[in-house]
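Structure at a glance
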Amino acid sequence: MTDNRNSEAAWNYHEATKHSYISIRTNPHFMGWSNQPLPFKIYPTIEPMRLPSDVRQSSVAALSAIAERVSPHLNAVPDLEAVAQLLYLSAGVTRKRKYPGGELYFRAAACTGALYEVELYLVCGGLTDLEAGVYHFAPAEFGLRRLRAGDYRGVLLEATGGEPAIARAPLTIVCTCTYWRNAWKYQARTYRHFGWDNGTLIANLLAVATALGLPAEVVCGFVDADVNRLLDVDPQREVAFSLVALGHVASPTSSSPVETSPLRLETVPLSQYEVDYPLMREMHAASSLDSAEEAEKWRSHSLMTDFPSPGGSVIHLAPLSDAGMPCDPVEQVIRRRGSTRKFARSPITLAQLSTMLDRATRGVPADFLAPPGAQLNDLYLIVHAVEGLQPGAYVLHRNRGVLECLKQGNFRADAGYLGLEQELPADAAVDIFFLADLRPILQGFGNRGYRAVQLEAGILGGKLYLGAYAQRLGATGLTFFDDDVTRFFSPHAEGKSAIFLVAVGHSAKHKS
Ligand SMILES: Cc1cc2nc3c(=O)[nH]c(=O)nc-3n(C[C@H](O)[C@H](O)[C@H](O)COP(=O)(O)O)c2cc1C
């Protein structure tokens, strides 16, 4: 029995990091601008190898790419160009903006505070134009720094207790999260952001993998210390959070143990000093897995949730057909995505909302989601301006394709309050809240279920972003007053926890 089974740690962390009207006012936090962390991890002693910078345009519509997956058994191996495409469209610098204190580098996926605490590492066998090795992705230079030469995929296979997608993946991307880079602004709540920000990035990665014809799977069950050691990260500062297995080869990787000696590579300090928020490291330690057997057992859990049948009036979703939907390719949509800074209070259509909801919730390929199509988060909506829907509060019954009305009314002011007293959720056409019943999740998956539920929300939120932008709408992730959200959607949501929020509507800037 490891700490992971004692799910008190996740409960304690969740409770301690809730936002409320009072907590926001009694925790004045001032960001030290002169101590702002660097947005990039830099290894000054290793020259980066530049990646090809032409973005290939697939003909795969973003709305298909977010909804579909390539058969996990299709043999497919990415070449260097495909690797570049995957990295650029998930974590690359897509926009720059000058401000009086310097320059801001915006990246392909949305990220809380534009602080970009997620780093990507590649663990691959020999690919066309890329030798076997362990690499760090350097978005600033759009290059790769090789940390280890040789095939280390066996280390990941061992660490995941023989996960089948990892066994046959020519390439696995390891996503790490760096505490201080995000905690500088968000303090201990950062551990939730790890899931959100890693999730939006993975939403892009999965969509691009589909467009490139690559099978992909998200893997969260692994021996943390072994993966961290492979990447040579200092786990007090930076930790592996998720793996994404990409591609498929006929013969599995051998899991023979390979020596992963410390590299002791120099990295540029992020700030003059760092402030520690021990709660996050405690949460991470308590959700860590210690052995391959534990990792294998962890992923074999399947969550059977009991979603009550609709008790009130329902409205059927009316998504656009494949022939009728906008077909902008996924690369184009990712490049034009950017969080909406002001919404126009104009309506979207039921077809647009339905298309987004339907396409974003068709299932995430992940080791913690079985059977296929399972989902840990439930979607609750506050509708302000959707043609064909009365303003009000709704819950999505995913497998019935209907929205159940929980209460009718104009809730713009409530939504503004729930979204941390911001204008964005009050002005949007619809606010989509993710709530989860943490009890069965933590019972089944232990504390690590908390990582999974946050990550899943980030992935679905990232898909909603793309689903909105594919239809020329705007979207933004938002944070919220936890218990007030549950209260607002109760009694239906009684006992559930608020996990994530995305607002969608027409941008006030770009009238479409
Ligand atoms: C999970 C999440 C929560 C966010 N919360 C807020 C928020 O509360 N208020 C806000 O104005 N923007 C919020 N954002 C938007 C980020 O500030 C934005 O993603 C970041 O500045 C990067 O810009 P971009 O999305 O335009 O690329 C959030 C984004 C995410 C992914």
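First things first, this report covers the structure right here in the doc. This one's a predicted model, so the numbers in the text were calculated from it and none came from an experiment.

What counts as what
Residues numbered from 1 in each chain as written. Predicted model: local features only at pLDDT ≥ 70, side-chain atom pairs only at ≥ 80, totals over all residues. Heavy atoms only, no water. Pairing = 2+ DSSP bridges. Helix = DSSP H or I, 4+ residues; strand = E, 2+ residues; numbered from the N terminus. Near = heavy atom within 4 Å. Polar contact = N/O pair within 3.5 Å; in protein donor to acceptor, adjacent residues only side chain to side chain. Areas by Shrake-Rupley, 256 points an atom, 1.4 Å probe, with all protein chains shown as cover. Nonpolar A, V, L, I, M, F, W, Y, C, P; charged D, E, K, R; others polar. Buried < 20%, exposed > 50% of the residue type's maximum accessible area, 1.4 Å probe, protein only. Arc of directions from axis to C-beta. Patch = residues over 30% accessible without salt bridge, like charges linked within 9 Å, V, L, I, M, F, W, Y side chains within 5 Å. Salt bridge = Lys/Arg side-chain N within 4 Å of Asp/Glu carboxyl O. Lys, Arg positive; Asp, Glu negative; His and termini not counted. Charge placed at Lys NZ, Arg CZ, Asp CG, Glu CD. Contact = heavy atoms within 4.5 Å. Phe/Tyr/Trp six-rings, centres within 6.5 Å; stacked < 30°, edge-to-face > 60°. Lys NZ or Arg CZ within 6 Å of the ring centre and 35° of its normal. Axes fitted to C-alpha atoms, helices over the stretch in contact; angles between N-to-C directions.

1. Observations regarding the pairing of strand β2 (residues 93-99)
- In the sheet, β2 pairs with strand β3 (residues 102-107) via 6 bridges, with the strands oriented antiparallel. Note on β3: the bridge partner recorded for Y99 is G102.
- The loop that links β2 with its antiparallel partner β3 comprises 2 residues.

2. Side note on the site of the ligand
- In the vicinity of the ligand, 23 residues are found, and the nearest of them are R95, R337, S339, R341 and Q422.
- One of the side-chain N or O atoms of R95 is found 2.8 Å from an oxygen atom in the ligand.
- In this structure, an oxygen atom belonging to the ligand sits 2.7 Å away from a side-chain N or O atom of R337.
- Alone, the ligand offers 610 Å² of accessible surface; in the complex the protein occludes 89% of this.
- Listed by contribution, the elements that provide at least two residues to the shell around the ligand are β3, α8 (190-212) and β18 (474-478).
- At 3 residues, the largest contribution of residues to the shell around the ligand is made by β18.
- When its residues are assigned to classes, the shell around the ligand shows 10 nonpolar, 8 polar and 5 charged.

3. Focus: helix α9 (residues 224-231)
- Among the residues of α9, those classed as buried are D224, V227, N228, L230 and L231. The buried residues of α9 all sit within an arc of 155 degrees when viewed along its axis, so they share a single face.
- The first or second residue beyond α9 is D232, which carries a positive phi of 60 degrees.

4. Some points on a positive patch on the surface
- Taken together, the side chains of R95, R97, R341 and K509 make up a positively charged region of the molecular surface.
- For K509, the position within the fold is in the segment after β19 (497-507).
- Overall, the relative accessible area of 71% leaves K509 in the exposed class.

5. Here's the deal with helix α1 (residues 8-16)
- For α1, the full list of buried residues reads A10, Y13 and H14. On an axial view of α1, the arc spanned by its buried residues comes to 100 degrees, and they lie on one face.
- Tucked inside the fold, the buried residues of α1 contact α8, α10 (278-286), α16 (438-445), α17 (448-469), α18 (482-488) and β19.

6. So, the packing of aromatic side chains
- All told, the structure shown has 21 aromatic pairs when counted by the stated rule.
- An angle of 75 degrees between the planes, with centres 5.9 Å apart, marks the rings of Y13 and Y450 as edge-to-face. Taken together, the residues Y13 in helix α1 and Y450 in helix α17 connect sequence positions 437 residues apart. Like Y13, the residue Y450 is buried in the burial classification.
- Each member of the aromatic cluster is reached from another via a ring pair, and the members are Y13, Y179, Y191, F194, F241 and Y450.
- When the ring centre of F411 is taken as reference, the NZ or CZ atom of K407 above it lies at 5.5 Å.
- Positioned over the ring face of F222 is R448, at 4.7 Å from the centre of the ring.

7. Quick word on the environment of G409
- Note on placement: G409 falls in the loop between β16 (402-408) and α14 (412-418).
- Given a relative accessible area of 24%, G409 falls into the partly exposed group.
- Spatially, the C-alpha atom of G409 lies 5.5 Å from that of P391, the residues being 18 residues apart in sequence.
- Those residues in contact with G409 that lie beyond four places of it in its chain are P391 and G392.

8. Some points on the sheet that holds strand β1 (residues 49-50)
- Pairing is antiparallel across the open sheet formed by 7 strands, whose spatial order is β1-β6-β5-β4-β7-β9-β8. Bordering the open sheet on either side are β1 and β8 (216-219), each of which pairs with just one other strand.
- Helix-sheet contacts for helix α4 (residues 80-91) involve β1, β4 (118-124), β5 (133-138), β6 (143-149), β7 (171-178) and β9 (238-246), and the interaxial angle to β4 is about 165 degrees.
- Strands β4, β7 and β9 of the sheet are contacted by helix α7 (residues 179-186), whose axis makes an angle of about 40 degrees with β7.

Read these as spatial facts, not as claims about activity.
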